[in-house]
Amino acid sequence: MNILIINAHPDKESFCNTLAISYKQGCEKAGRSCKIVNLIDLEFSPILKYGYRIPMELEPDLIEMQEFILSAKHIVFVFPIWWGTYPALLKGFIDRVFLPGFAFSYKPNSLMWEKKLKGKTATIISTMNTPYWYYRWIYKRPAHYSIKKGLFEYCGIQLIKLISFSPIKSSSPKLREKWINSVFQMGEKSH
């Protein structure tokens, strides 16, 4: 698999789902191997009960997701922005999957760490009802910033594209179709 698309919207009839499918169709048109995973379909506890103090056993779906991540060259995260950040489902997935030993390793007797997912690239596709200019300049893009800095850069993944569609609530069918087409084209040009 070249490209893994992670749809983190809990509603599979959402606009995020439409965007994830459009990206996949663009990839397939370009002859790339691609897989969509809807996080809502996975069976796992999103709570890292003991932090890193006591490792939790991974559910089969999370073991499979780690395998998908390792085999993917490019990972696409598709999610809505709610209350300034991504849904709890995505946060729980990140907490449970991107673990020490898998995504990073602490170096002995050091504050430094090894980035274990180097060489992978990523795209973020997000939706929101807040106008983007407001999200960027007033809120300071907390969802985008935390995934880019706190996840990707920490694990060695290079963010190559970040796109956000807004405001969804007041968008016309014509504008949504334009957004869907732009995501299809992104899929065609993806790594």
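**Focus: the overall build of the protein**
Phase 1: Across its full length, the protein holds six helices and seven strands.
Phase 2: Along the protein, helices (α) and strands (β) appear in the sequence β-α-β-α-β-α-β-β-β-α-α-β-α when read from the amino end.
Phase 3: For the protein, the C-alpha radius of gyration of 17 Å lies close to 16 Å, the compact-globule estimate for 191 residues.
Phase 4: With the C-alpha coordinates of the protein rotated into their principal frame, the extents come out at 55 × 40 × 30 Å.
Phase 5: Residues counted as buried form 46% of the 191 residues belonging to the protein.

**Here's the deal with the nonpolar core**
Phase 1: Counting 40 residues, the largest nonpolar core has Ile-69, Phe-77, Phe-79, Leu-90, Phe-93, Phe-98 and Phe-152 as its most contacted members.
Phase 2: Counting only elements with at least two residues in this core, the list comes to strand S1 (3–7), helix H2 (60–71), strand S3 (74–80), helix H3 (88–97), strand S6 (121–127) and helix H5 (142–155).
Phase 3: Discounting chain neighbours no more than four positions away, the residues touching Phe-77 are Ile-6, Leu-90, Phe-98, Thr-123, Ile-124, Ile-125, Leu-151 and Phe-152.
Phase 4: Ile-3, Leu-19, Cys-27 and Val-183 belong to the second-largest nonpolar core, a separate cluster that totals 20 residues.

**Comments concerning the pattern of salt bridges**
Phase 1: Evaluation of the coordinates by the stated rule reveals seven salt bridges.
Phase 2: The closest approach of N and O atoms between Glu-188 and Lys-29, which form a salt bridge, is 3.4 Å. A residue pair is termed long-range when its members are at least 10 positions apart, and Glu-188 in helix H6 (residues 173–189) and Lys-29 in helix H1 (residues 15–29) qualify at 159 residues.
Phase 3: Of the residues examined, Lys-29 reaches a relative accessible area of 61% and is grouped as exposed.
Phase 4: In the salt-bridge network here, residues are joined through shared partners; they are Lys-148, Lys-149 and Glu-153.

**Quick look at the pairing of S6**
Phase 1: For S6, the tally of buried residues reaches seven of seven residues, placing the bulk of the element in the interior.
Phase 2: Where burial is concerned, the two faces of S6 agree: the one with Thr-121, Thr-123, Ile-125 and Thr-127 and the one with Ala-122, Ile-124 and Ser-126 are both buried.
Phase 3: Sheet topology places S6 next to strand S7 (residues 158–165); seven bridges connect them, and they run parallel. Across the sheet, the residue bridging to Thr-127 is Phe-165, located in S7.

**Observations regarding the packing of aromatic side chains**
Phase 1: For the structure shown, the criterion picks out 14 aromatic pairs.
Phase 2: Where Phe-165 meets Trp-179, the ring centres are 5.2 Å apart and the plane angle is 35°; that geometry is what we call tilted. Linking Phe-165 in strand S7 with Trp-179 in helix H6, this pair joins segments that are 14 residues apart in sequence.
Phase 3: Judged by relative accessible area, which is 4%, Phe-165 ranks as buried.
Phase 4: Here Trp-179 falls in the buried class, since its relative accessible area comes to 10%.
Phase 5: Each residue in the set Tyr-52, Phe-104, Tyr-106, Trp-113 and Tyr-154 is aromatic and connected to the rest through ring pairs, giving one cluster.
Phase 6: Above the ring of Phe-15, the side-chain terminus of Arg-176 is found at 5.1 Å from the ring centroid.

Calculation criteria
- Residues numbered from 1 in each chain as written.
- Predicted model: local features only at pLDDT ≥ 70, side-chain atom pairs only at ≥ 80, totals over all residues.
- Heavy atoms only, no water.
- Helix = DSSP H or I, 4+ residues; strand = E, 2+ residues; numbered from the N terminus.
- Rg over C-alpha atoms; globule rule 2.2 N^0.38 Å.
- Buried < 20%, exposed > 50% of the residue type's maximum accessible area, 1.4 Å probe, protein only.
- Core = buried A, V, L, I, M, F, W, Y, C linked by side-chain atoms within 4.5 Å.
- Contact = heavy atoms within 4.5 Å.
- Salt bridge = Lys/Arg side-chain N within 4 Å of Asp/Glu carboxyl O.
- Pairing = 2+ DSSP bridges.
- Phe/Tyr/Trp six-rings, centres within 6.5 Å; stacked < 30°, edge-to-face > 60°.
- Lys NZ or Arg CZ within 6 Å of the ring centre and 35° of its normal.

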